[in-house]
Amino acid sequence: MVFEPGFFGNTLRTRALGDFTITERAYPARYATPAHVHDRPLFCIVLDGSYEEVNGGRTHECTSSTILFHAAQEEHLERFGQAGGRSLIVEIEPEWYERVREVAPGGVRTAACDGGALRMTGTKLYREFLSGDDASRLIIEGLLLQISGEFLRVRHTNETRPPKWLDDVRDYVEANFARRITLAAIGKAANTHPVHVAQTFRRFHQCTIGEYLRRLRIEYACRELANGETSLVEIAAQAGFADQSHFNRTFKRTVGMAPSQYRSDTLKR
């Protein structure tokens, strides 16, 4: 199969800065690129919108917190969502990339990173791209070296180790389990995009955030039922259920018996 080279979408602005060609591109809603390759390695900083990146049979959900690196001549495609998208693409001359390889044999591997300090560096790079003053070229090269270093660190990171912000997510859910919380609010608490939060939480906890939330509510209800004092209506409200009927259905489906029976059996022990 022959893959199409080049870029797609609409060019908004572009700058040639020695070893780098930086282009801001926009993509319409529901736009899908054909499978294609690039002649030079590049970084892609997602500025707006979202899309699916399909590379080597793997799919990554890219959002405005994502930065990607593509090796040269590596086939991939994109499928944009309803809002379309906008990205900053930094093409790298082979000579500059070879200097990185001298420091890190093997170079930067194709990867996608979401959120954290790396995303903030991408934001700084975009601001320098827009400024266009005499110092911006030097600052941009420094930022690209910093981004390259972070991608090299990703290459060496043990993939079984959860990110530090995942503790913040768990703490937030545990502190607010009785409230009506949204994925957007959880993402804000972790300073990470909600889609990436949901994917990472499920990967390391083997359940969704919603399932974890329900488990916390049921565990709270079990403790309150065991003390024998609080009414079922009050327990339902304090645990975050919509009403007692919702509490009864969820509790029975999860525990295998009605709350009243659970209380009776527990108090007999």
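Going by the structure above, here's the rest.
Residues numbered from 1 in each chain as written. Predicted model: local features only at pLDDT ≥ 70, side-chain atom pairs only at ≥ 80, totals over all residues. Heavy atoms only, no water.

Student: Explanation requested: the packing of aromatic side chains in the structure shown.
Tutor: The relative placement of two aromatic rings is captured by the distance of their centres and the angle of their planes. Under the defined criterion, the tally for this structure stands at 14 aromatic pairs. With centroids separated by 4.7 Å and ring planes inclined at 40°, the aromatic side chains of Tyr-51 and Phe-80 adopt a geometry described as tilted. Taken together, the positions of Tyr-51 in strand S5 (residues 42-55) and Phe-80 in strand S8 (residues 76-92) put the pair 29 residues apart, joining distant regions of the chain. Looking at Phe-80, the relative accessible area reads 6%, which means it is buried. Ring centres 5.5 Å apart and planes at 65° place the aromatic pair Phe-201 and Tyr-212 in the edge-to-face group. Placement of Phe-201 in helix H6 (residues 194-205) and of Tyr-212 in helix H7 (residues 209-227) is noted, with a sequence separation of 11 residues between them. In this structure Tyr-212 comes out as buried when scored by relative accessible area, which is 9%. (Phe/Tyr/Trp six-rings, centres within 6.5 Å; stacked < 30°, edge-to-face > 60°. Helix = DSSP H or I, 4+ residues; strand = E, 2+ residues; numbered from the N terminus. Buried < 20%, exposed > 50% of the residue type's maximum accessible area, 1.4 Å probe, protein only.)

Student: Quick question: what am I supposed to make of helix H4 (residues 165-175) here?
Tutor: In an α-helix there are 3.6 residues to a turn, and that puts residues three or four apart on one side. Those residues of H4 not exposed but buried are Trp-165, Leu-166, Val-169 and Val-173. One side of H4 holds all its buried residues, which, seen down the axis, span an arc of 110°. The secondary structure elements touched by the buried residues of H4 are helix H5 (183-190), H6 and H7. (Arc of directions from axis to C-beta. Contact = heavy atoms within 4.5 Å.)

Student: How should I be thinking about a negative patch on the surface in this particular structure?
Tutor: Judged by side-chain charge, Asp-168, Asp-171, Glu-174 and Glu-219 come together as a negatively charged surface patch. Here the negative patch takes 3 residues from H4, the largest share from any one element. When you line up the elements, Asp-168 lands in helix H4. With a relative accessible area of 39%, Asp-168 lands in the partly exposed category. (Patch = residues over 30% accessible without salt bridge, like charges linked within 9 Å, V, L, I, M, F, W, Y side chains within 5 Å. Areas by Shrake-Rupley, 256 points an atom, 1.4 Å probe, with all protein chains shown as cover. Salt bridge = Lys/Arg side-chain N within 4 Å of Asp/Glu carboxyl O. Lys, Arg positive; Asp, Glu negative; His and termini not counted. Charge placed at Lys NZ, Arg CZ, Asp CG, Glu CD.)

Student: Is there a simple way to explain the nonpolar core in this structure?
Tutor: Soluble globular proteins: nonpolar side chains tend toward being buried together. Among the nonpolar cores identified, the biggest contains 30 residues, and Val-169, Val-173, Phe-247 and Phe-251 are the most heavily contacted of them. The biggest single contributor to this core is H7, with 9 residues. Setting aside residues up to four positions removed in sequence, Phe-247 forms contacts with Ala-221, Leu-225, Leu-232, Ile-235, Ala-236, Phe-241 and Pro-259. Formed by 26 residues, the second largest nonpolar core is a distinct cluster that contains Leu-47, Val-108, Leu-125 and Leu-152. (Core = buried A, V, L, I, M, F, W, Y, C linked by side-chain atoms within 4.5 Å.)

Student: I'm lost on helix H8 (residues 232-239) in this one. Help?
Tutor: Residues of H8 that are buried: Leu-232, Ile-235, Ala-236 and Ala-239. For H8, the buried positions fall inside an angular range of 100° around the axis, keeping them on one side. Seen from the buried face of H8, the exposed residues on the opposite side, beyond 90 degrees, are Val-233 and Ala-237. For H8, the secondary structure elements touched by its buried residues are H7, helix H9 (244-255) and helix H10 (259-268). In the segment just after H8, Gly-240 is the residue with positive phi, at about 100°.

Student: Looking at this structure, how should I read empty space enclosed by the protein?
Tutor: The probe, sized like a water molecule, is rolled over the atoms to show the empty space still left. Taken as a whole and assessed by the stated rule, the structure comprises 1 cavity of 30 Å³ or more. For the largest cavity, the calculated volume is near 170 Å³. Contributing to the lining of the largest cavity are 18 residues, with Tyr-27, His-36, His-38, Glu-78 and Ile-89 lying nearest its centre. Ranked by residue count, the leading element in the lining of the largest cavity is S8, at 5 residues. Class assignment of the residues belonging to the lining of the largest cavity gives a composition of 9 nonpolar, 7 polar and 2 charged. (1 Å grid on protein atoms, 1.4 Å probe; cavity = no way out; pocket = protein on both sides within 12 Å on 5 of 7 lines; lining within 4 Å. Points joined across faces, edges and corners; volume = space filled by probe spheres on them. Nonpolar A, V, L, I, M, F, W, Y, C, P; charged D, E, K, R; others polar.)

Student: Hey, could you run me through the pattern of salt bridges in this one?
Tutor: Side chains carrying opposite charge are able to pair once their charged atoms draw close together. What the rule picks out here adds up to 8 salt bridges. The partner of Arg-13 in a salt bridge is Glu-24, and the shortest N-O contact between them spans 2.3 Å. With Arg-13 in strand S2 (residues 10-17) and Glu-24 in strand S3 (residues 20-27), the pair connects residues that are 11 residues apart, well separated along the chain. What makes Arg-13 partly exposed here is its relative accessible area of 39%. Since its relative accessible area comes to 2%, Glu-24 is described here as buried. Overlapping salt bridges, with partners in common, bring together Arg-13, Glu-24, Asp-48 and Arg-86 in one network.

Student: Any chance you could explain the environment of Tyr-27 here in plain terms?
Tutor: Note that Tyr-27 resides in strand S3. Taking C-alpha positions, Tyr-27 is 9.8 Å from Gly-81, a pair spaced 54 residues apart along the chain. If near-sequence neighbours (up to four positions away) are discounted, Tyr-27 is found in contact with Phe-8, Gly-9, Phe-80, Gly-84, Gly-85, Arg-86, Ser-87 and Ile-89.

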